Amino acid sequence: MAPVPLSTTKVGQIDDVQELRKGKPTTIPERFVRDMTERPSLATALSSPTDIPIIDFSKLVKGNRDEILQLATACEEWGFFQVINHEIELSLLESIEKVSKEFFMLPVEEKQKYPMAPGTVQGYGQAFVFSEDQKLDWCNMFALGVEPHFIRNPKLWPTKPAKFSETVDVYSREVRKLCKNLLEYIGMSLGLRQEVFEEMFGVAVQAIRMNYYPACPRPDLVLGLSPHSDGSALTVLQQGKGCSVGLQILKNNTWVPVQPIPTALVINIGDTIEVLTNGKYKSVEHRAVTHKEKDRLSIVTFYAPSYEIELGPMPELVDENNPCKYRRYSHGEYSKHYVTNKLQGKKTLDFAKIQT
């Protein structure tokens, strides 16, 4: 959520997918139709919830050594895991889902009072669109910078639904706590001091994004969200109750659907942790697909270091067998690079790689 200067980027006509859906289209507008190589194969076998590692947060809190080892394996081999017993009240998960859904159900004219300007990532619309011929995702987004307060754009915080802002604030405080704690255990899983990331990150930057994927008559032609890795340190995803399975992660060159466990949160490692761990824990490419009959809602929190922090591989994780793979850079510089490029797999991470 780095502050990006308003650009003169020409993005062409961007249709609101919920409005498109209301018209019950039989054909998909050309800008949403993916090239053959990008189209999702909907025949991918559905994974069972146990395929993606499950981490029991209550065991981490008790200092359970086996759970820390399981966390290490999850970060090293998957870059994704589901966390259960995470201490965030179920009623709060339900409240954030309720206000998010209510926001997306508002008339389009109301939502468009909070527009996402081209070249920025806060507000309502589609992010990461930089040209008139770029393919669009079958998704409406609403994103807000949350912490520190100077990244907030008060004009974009909606007055409807009534409890929206208050719920986002309470929810974000709880998710922030969870991220801080998870990073402590991730530090321990690397054999480092618990406080290593908190001391390094300064006042962490936090943003929230709600994604609404309406049902699509041709889910085989479109993507809900283009393949990408996240620029954050950690990303926390809450999937709407009873929604279709939409999130897929790239594992051994195969797209694996993530079947969410009810009330669990899906956590993924972002590019920042990949750089800091010198590639030991990798960010993983993921995407969203759509469903023919069911809408899907997800609520995503991004947690990252303060913009002025200089990052690079931690010395403890660099040696002659693991030479330094990434250069040093300021996180603000990377954030700006990330939000001013279209989502394209892990391409944005090339910015940090030492070219050999």
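These lines cover the structure that appears in this document, whether it is placed above or below. (Residues numbered from 1 in each chain as written. Predicted model: local features only at pLDDT ≥ 70, side-chain atom pairs only at ≥ 80, totals over all residues. Heavy atoms only, no water.)

## What to know about the overall build of the protein chain
Consideration 1: Helix and strand content of the protein chain: nine helices and 14 strands.
Consideration 2: Across the 356 residues of the protein chain, 57% fall into the buried class. (Helix = DSSP H or I, 4+ residues; strand = E, 2+ residues; numbered from the N terminus. Buried < 20%, exposed > 50% of the residue type's maximum accessible area, 1.4 Å probe, protein only.)

## Comments concerning unusual backbone geometry
Consideration 1: Following Glu 147, the chain continues into Pro 148 via a peptide bond in cis, with omega recorded as -15°.
Consideration 2: By the secondary structure assignment, Pro 148 is in the loop between strand 4 (140–147) and helix 6 (164–189).
Consideration 3: Of note, the bond from Lys 160 into Pro 161 is cis; its omega dihedral lies within 30 degrees of zero at -10°.
Consideration 4: The topology assignment puts Pro 161 in the loop between strand 4 and helix 6.

## Topic: helix 4 (residues 90–104)
Consideration 1: A rise of 1.5 Å per residue sets the reference length of helix 4, with its 15 residues, at 21 Å; its end C-alpha atoms lie 21 Å apart and thus fit the reference within 8%.
Consideration 2: Among the residues of helix 4, those classed as buried are Leu 92, Leu 93, Ile 96, Glu 97, Val 99, Ser 100, Phe 103 and Phe 104. Along the axis of helix 4, the buried residues cluster in a sector spanning 170°; they form a single face. (Expected span 1.5 Å × (residues − 1). Arc of directions from axis to C-beta.)

## Some details on the sheet that holds strand 10 (residues 265–269)
Consideration 1: The eight strands are arranged 1-2-10-7-12-5-4-3 in an open sheet whose pairing can be described as mixed. Because the sheet does not close on itself, it has two edges, and the strands there are strand 1 (54–56) and strand 3 (123–125). For this sheet, the mean angle separating the axes of adjacent strands, direction not counted, is 25°.
Consideration 2: With nine bridges joining them, strand 5 (residues 205–213) and strand 12 (residues 296–304) adopt antiparallel strand pairing. (Pairing = 2+ DSSP bridges. Axes fitted to C-alpha atoms, helices over the stretch in contact; angles between N-to-C directions.)

## A few points about the sheet that holds strand 8 (residues 247–251)
Consideration 1: With antiparallel pairing, four strands are arranged side by side in an open sheet as 6-11-8-9. Edge positions in the sheet fall to strand 6 (225–228) and strand 9 (254–257), since each has one partner strand and no second. Put simply, the sheet's adjacent strands are angled 25° from each other on average, direction ignored.
Consideration 2: In this structure, strand 8 lies alongside strand 11 (residues 286–288), joined through three bridges in antiparallel fashion. Counterpart to Leu 247 in the pairing with strand 11 is Ala 288.

## Some remarks on the packing of aromatic side chains
Consideration 1: Per the stated rule, a full pass over the model turns up twelve aromatic pairs.
Consideration 2: Judged by centre distance (5.8 Å) and plane angle (75°), the ring pair of Phe 103 and Phe 104 falls under edge-to-face. Both residues of the pair, Phe 103 and Phe 104, count as buried.
Consideration 3: What links up through ring pairs into an aromatic cluster is the set Phe 103, Phe 104, Tyr 114, Tyr 124, Phe 142, Phe 164 and Tyr 212.
Consideration 4: Lys 251 extends its terminal NZ or CZ atom over the ring of Trp 78, reaching a point 4.6 Å from the ring centre. (Phe/Tyr/Trp six-rings, centres within 6.5 Å; stacked < 30°, edge-to-face > 60°. Lys NZ or Arg CZ within 6 Å of the ring centre and 35° of its normal.)

## Details of the nonpolar core
Consideration 1: Residues Phe 81, Phe 142, Ile 186, Phe 197, Ile 208 and Met 210 are the most contacted members of the largest nonpolar core, which totals 68 residues.
Consideration 2: Here this core gets ten residues from one element, more than from any other, and that element is helix 6.
Consideration 3: In this structure, Phe 142 is in contact with Phe 103, Phe 104, Tyr 114, Gly 123, Tyr 124, Leu 156, Pro 158, Phe 164, Ile 208, Arg 209 and Met 210, ignoring residues within four places of it in sequence.
Consideration 4: Core analysis: the second largest hydrophobic core is formed by twelve residues, Phe 80, Leu 247, Ile 249 and Val 300 among them. (Core = buried A, V, L, I, M, F, W, Y, C linked by side-chain atoms within 4.5 Å. Contact = heavy atoms within 4.5 Å.)

## A short note on helix 6
An α-helical turn contains 3.6 residues, so any two residues separated by three or four positions project in the same direction.
Consideration 1: Compared with an ideal rise of 1.5 Å per residue, which puts 26 residues at 38 Å, helix 6 spans 37 Å between its outermost C-alpha atoms and is within 8% of the ideal.
Consideration 2: Where helix 6 terminates, the next one or two residues include Gly 191, which has phi positive at roughly 80°.

## As for the packing of helix 3 (residues 65–78) against helix 6
Consideration 1: Packing of helix 3 against helix 6 brings their axes to within 9 Å, and their N-to-C directions diverge by 90°. In terms of their interaxial angle, helix 3 and helix 6 are classed as roughly perpendicular. When helix 3 is examined against helix 6, the residues Ile 68, Leu 71, Ala 72 and Cys 75 are found in contact with a partner set consisting of Tyr 185, Ile 186, Met 188 and Ser 189. (Parallel < 35°, antiparallel > 145°, perpendicular 65-115°, else oblique.)

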